[in-house]
Every structure is written in C-alpha cells, then in structure tokens.
Amino acid sequence: MTSRLPRRVLTLLLGALTGVSAVAAPARAAEGGDLTEYPITTTADSLPAGITAGPDGALWFTQSGAARIGRIAADGTVTDHRTPTPGSAPFAITTGPDGALWFTEQAAGRVGRITTSGAVTEFALPRAAGAPAGITAGPDGALWFAEPGADRIGRITTAGSVSEYRVPTAAALPYGIAAGADGALWFTELGGGRIGRIDTGGRITEFPLPSRADFPEDIVAGPGGMWFTAAGAGSVDRIDTGGRVTRFALPGTDGDPGGVAAGPDGRVWFTDRSGQVGRVSEDGTISVVPVPAGPDKSPFRLAAGPDGTMWFTELLGNAIGRIEPS
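Everything numeric in this text was worked out from a predicted model, so none of it was measured. (Residues numbered from 1 in each chain as written. Predicted model: local features only at pLDDT ≥ 70, side-chain atom pairs only at ≥ 80, totals over all residues. Heavy atoms only, no water.)

Engineer: Can you help me understand the overall build of the protein in this one?
Structural biologist: Along its length, the protein carries 2 helices and 29 strands. Within the span of the protein, comprising 326 residues, buried residues form 58% of the whole. If you take every contact in the protein between residues at least 6 apart in sequence, the share linking residues at least 24 apart comes to 44%. Surface summary for the protein: the accessible area is close to 11500 Å², and the carbon and sulfur share equals 51%. (Helix = DSSP H or I, 4+ residues; strand = E, 2+ residues; numbered from the N terminus. Buried < 20%, exposed > 50% of the residue type's maximum accessible area, 1.4 Å probe, protein only. Contact = heavy atoms within 4.5 Å. Areas by Shrake-Rupley, 256 points an atom, 1.4 Å probe, with all protein chains shown as cover.)

See the structure below:
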C-alpha cells in the first residue's frame with residue numbers, strides 16, 4: 001500500500017493536453033446499479049480528480065493534469081474552463097456558500113473559485129508549498145481546506161481572506177476534510193494515521209487510528225459519525241464524536257479505497273482504485289459496482305448527483321462515470 005502513495009502524488013502533477021468532449025459507453029453492473037462512462041475523448045491524461053454537485057444541476061470536476069475545471073451535464077455533455085495558472089494541478093472541489101465552485105490547486109499553492117458561467121479567480125496561500133488537497137464548505141460561511149505540504153488546516157472567506165492552523169502531529173499530511181454534524185470540520189491525516197477535528201475557532205483534537213499505516217484519505221459525514229477511507233487497511237471506517245472507530249473491510253484482499261461520499265440512498269459510497277465503486281450501510285453491509293477495466297482506470301472521487309445518481313472520476317481512465325443505484 002505504501003508504494004501507491006508517492007505514485008498518486010506524482011500522477012496528479014503530470015501535465016496534459018487540453019480540450020474536452022464526451023460520449024457515453026453504458027455497461028450493466030453485476031450488483032448495485034447501472035453504470036455509464038463518459039470518456040474525455042480529446043484530452044489525453046487529463047487526470048480528472050475531485051467532483052461535486054454544482055448549484056446549476058450539473059457535476060463539476062477538476063482536471064489535475066490539464067489545469068482545467070470541467071462541467072458535465074446530466075446527459076454527459078462536457079465543457080471545461082482553464083485555470084489562470086498553467087500547471088496548477090486542481091485537485092478537490094466543492095460548492096461554496098456563495099453559489100460558486102471552490103477548488104484547490106496543489107501545484108500552484110492556491111485556492112480557486114469558479115462561477116457557473118466559467119469566471120475563475122485564484123487566491124494565493126501564505127505557503128506556496130502547502131499543496132492544498134481537500135476542501136469543504138464550513139458551517140461558518142467560509143471554505144476550509146487541508147494543506148499536506150504545510151501540515152496545516154486552512155480557512156478562506158468568500159472574499160479571499162486566509163487563516164491557517166497547524167496540526168499538532170508532525171508530518172501529519174492532512175488530506176481530506178469535511179463538515180460534521182457537530183458543527184466542526186473533520187480531516188484525515190494521511191501520514192499521521194489519525195483523524196483530526198477542528199472547530200471554527202481553530203482548536204484541534206486528534207484521534208489515533210489502529211495503525212499509522214492506515215493512510216486515512218477521504219472523509220464525509222454519514223450515519224452515526226464521520227466515514228473515511230483507509231487505503232492502508234483496505235477498509236471504509238466510521239468514527240464517532242468520541243473517537244471510537246468501527247472498521248468495515250472491503251471484499252477481497254486488494255482493496256484500495258480512495259474517495260467517499262454520502263449517497264442519496266442513505267448509504268456511504270466509496271471508490272476502490274482496484275476497480276470498483278461500492279456502498280456501505282450503517283450496519284456494514286457492502287455492495288459493489290465493478291467498473292469495466294477498473295484497475296487500469298483508478299476510480300478516484302465521487303459525489304451524489306441531483307437526480308439520485310452517483311458520479312465518479314476515473315483518474316487514470318480519463319473519464320467520468322455515472323451510477324444509477326438499483
């Protein structure tokens with residue numbers, strides 16, 4: 001598992017050609033739902049990474065290899081917009097309280113904002129090497145993000161004012177971040193083997209996981225607490241507000257969970273880079289939807305769509321996938 005982490009970071013910083021179009025390629029899933037893939041046919045290695053539902057009824061995603069932000073409509077039509085900074089490696093994306101999409105730029109050390117009409121603004125961070133990763137809207141009307149390169153959690157207002165808070169554990173590599181039902185922000189520590197909690201005043205609490213090699217990656221609020229992927233353990237786990245962890249191992253022996261998102265069906269959905277997308281119920285029941293040639297495509301991040309569907313990025317497959325749950 002550990003050898004995959006540097007490869008992922010390096011992959012996200014690769015350059016690529018530009019220009020996007022899409023065509024549908026439906027495939028029947030064995031269980032869990034029907035899957036359709038929309039290849040990005042005119043751009044090689046665009047490395048689609050983060051994805052989120054936008055306020056306009058479309059899904060918005062980052063193209064980390066092409067320094068662009070993409071938009072895919074419900075019918076699979078794709079358009080994209082270039083970031084002002086070349087080679088910016090946009091990574092995570094979320095809808096902000098101002099009706100715009102906010103995203104991190106790992107290589108540029110910036111946070112970006114794009115309106116639904118395509119106007120892009122970038123905000124430089126205090127530390128250019130911070131390599132911002134996950135980003136989420138907070139309960140205080142600001143955006144909160146993780147900076148693995150600086151071991152900090154950042155906060156940016158919609159006007160662009162930035163504050164930062166150091167994570168207590170050295171070399172923690174804070175990575176994913178999500179708002180919790182308790183009014184705080186919860187984040188993963190990819191290198192620290194911990195889950196962190198930060199309130200809107202900047203106070204941080206850390207909860208150790210069973211192993212420092214669990215490599216917690218993405219995180220989301222779900223039934224009974226915060227759910228996160230543990231790439232090193234091959235599991236999707238849940239942590240409650242008291243720090244108690246419940247582990248749900250993925251089927252098989254080669255699970256490599258990455259993204260996690262709350263689904264419209266009340267379950268938690270996850271991507272597995274070994275070649276599938278799955279969902280887990282509160283009691284730990286797991287079902288999966290295999291992705292055709294999935295190990296070569298690396299299903300990466302996912303988000304619920306406005307129509308009861310789940311959408312996911314194929315980091316190495318240069319495509320966006322859509323699942324209609326059965």
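Alright, that's what it looks like, and here's the rest.
Engineer: What am I meant to see in the packing of aromatic side chains here?
Structural biologist: Aromatic rings considered in pairs are described by the distance between their centres and by the relative angle of their planes. With the rule as written, the count across this model stands at 7 aromatic pairs. Judged by centre distance (5.7 Å) and plane angle (55 degrees), the rings of Phe 91 and Tyr 175 are tilted. Of this pair, Phe 91 sits in strand E7 (residues 90-95) while Tyr 175 sits in strand E15 (residues 174-179); the two residues are 84 residues apart in sequence, bridging distant segments of the chain. Geometrically, the ring pair formed by Trp 227 and Phe 248 is stacked, given 5.4 Å between the ring centres and 15 degrees between the ring planes. Of this pair, Trp 227 sits in strand E20 (residues 225-230) while Phe 248 sits in strand E22 (residues 245-249); the two residues are 21 residues apart in sequence, bridging distant segments of the chain. (Phe/Tyr/Trp six-rings, centres within 6.5 Å; stacked < 30°, edge-to-face > 60°.)

Engineer: Honestly, the side chain of Asp 218 in this entry has me stumped. Any pointers?
Structural biologist: Looking at the element boundaries, Asp 218 is found in strand E19 (residues 216-222). In contact with Asp 218, other than residues within four places in its own chain, are Gly 176, Thr 188, Trp 227, Phe 228, Thr 229, Gly 258, Gly 259, Val 260 and Arg 301.

Engineer: What should I look at first to understand the pattern of salt bridges in this one?
Structural biologist: Taken as a whole and assessed by the stated rule, the structure comprises 17 salt bridges. For Asp 182, the salt bridge identified is with Arg 197, shortest N-O distance 2.9 Å. With Asp 182 in the loop between E15 and strand E16 (185-189) and Arg 197 in strand E17 (residues 194-198), this pair connects stretches of sequence that are 15 residues apart. Overall, the relative accessible area of 32% leaves Asp 182 in the partly exposed class. For Arg 247, the salt bridge identified is with Asp 214, shortest N-O distance 2.8 Å. (Salt bridge = Lys/Arg side-chain N within 4 Å of Asp/Glu carboxyl O.)

Engineer: Teacher, can you tell me more about the sheet that holds strand E14 (residues 162-166) here?
Structural biologist: Strand pairing in a sheet takes place through backbone hydrogen bonds and is either antiparallel or parallel in direction. Reading across the sheet, the 4 strands line up as E11-E12-E13-E14 and stay open at both edges, with antiparallel pairing between neighbours. What marks the edges here is a single partner per strand, and that holds for strand E11 (135-137) and E14. Going across the sheet, the axis of each strand differs from the next one's by a mean of 20 degrees, ignoring polarity. The sheet contact formed by strand E13 (residues 152-156) and E14 spans 5 bridges and is antiparallel. Across the sheet, the residue bridging to Gly 154 is Glu 164, located in E14. (Pairing = 2+ DSSP bridges. Axes fitted to C-alpha atoms, helices over the stretch in contact; angles between N-to-C directions.)

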